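Working through the structure, step by step
One letter stands for each residue in the lines below.
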Amino acid sequence: MGFREINSKMVEATVLPGQRLFSQRGAMLAYQGEVSFTPNLQGGEGGIMSAIGRRVANEATPLMTVEGSGTVLFGHGGHHVQVIELTGDTLYVEADRLLAFEGTLRQGTMFMGAQGGVMGMVRGQVTGQGLFTTTLQGQGAVAVMAHGGVFEIPITPQRPVHVDPQAYVAHHGDVRNKLSTALGWRDMVGRGSGEGFQLELSGNGSVFVQASEDKL
């Protein structure tokens with residue numbers, strides 16, 4: 001099925017009988033053919049427990065199940081759209097950045113504090129980013145949204161990458177994340193991004209960074 005990039009803010013998906021994809025509610029711009037859009041509570045192959053996890057995480061972004069035969073144009077809010085192809089690995093992405101993804105991917109939720117410890121919790125409380133991150137695993141395509149374009153930076157054991165937490169879009173691969181601060185606790189008050197916080201990503205993989213710190 002996959003996605004075809006029409007321009008920087010719009011993708012086209014071919015919907016085939018017996019297959020399905022999931023999109024953020026309100027992301028459909030136009031369609032041709034016999035295509036249906038149904039509200040979805042489970043969110044992909046992750047099942048109902050995945051949906052409950054996202055609700056606890058305050059990431060219960062409404063999804064639509066898309067089925068039938070035809071083509072659909074997706075976009076949302078004029079945001080930049082980036083297509084990411086997964087070949088069996090796991091993509092970590094915040095739920096509100098998901099535009100659409102193929103139903104072959106299994107959806108779950110990861111608590112950022114599991115990798116970042118206490119600083120992972122600081123990331124959610126101070127930077128405004130979620131404590132939980134959506135995971136998509138398997139073979140298939142994902143369309144994510146961002147402000148001002150997206151750049152993919154490779155991560156290697158010899159070259160970890162430091163990212164402003166609010167410029168972070170997604171990452172994949174065998175990667176650990178750790179949030180650190182270059183400021184004291186008093187200096188952090190009122191600072192949600194920039195030099196005050198750095199999200200360090202190390203291991204093997206890549207991270208997608210947006211050109212703006214604005215939240216969606």
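What this report covers is the structure whose coordinates are included nearby. (Residues numbered from 1 in each chain as written. Predicted model: local features only at pLDDT ≥ 70, side-chain atom pairs only at ≥ 80, totals over all residues. Heavy atoms only, no water.)

Within strand E13 (residues 197-210), 10 of the 14 residues are buried, which leaves the element mostly enclosed by the surrounding structure. Bridge count between strand E10 (residues 150-155) and E13: 6 bridges; the pairing is antiparallel. Paired with Ile155 across the two strands is Gly205, which belongs to E13. As paired elements, strand E11 (residues 161-163) and E13 share 3 bridges and run antiparallel to each other. If you follow Val161 over to E13, its bridge partner there is Leu201. (Buried < 20%, exposed > 50% of the residue type's maximum accessible area, 1.4 Å probe, protein only. Helix = DSSP H or I, 4+ residues; strand = E, 2+ residues; numbered from the N terminus. Pairing = 2+ DSSP bridges.)

What follows is about the pairing of strand E5 (residues 63-74). Bridge count between strand E2 (residues 10-15) and E5: 5 bridges; the pairing is antiparallel. Its bridge partner lying in E5, Glu12 is registered against Leu73. In this sheet, E5 lies alongside strand E4 (residues 28-40) in antiparallel orientation, the contact comprising 12 bridges. Residue pairing in the sheet places Thr38 in a bridge with Thr65 of E5.

By themselves, these observations are geometric and do not establish any function.
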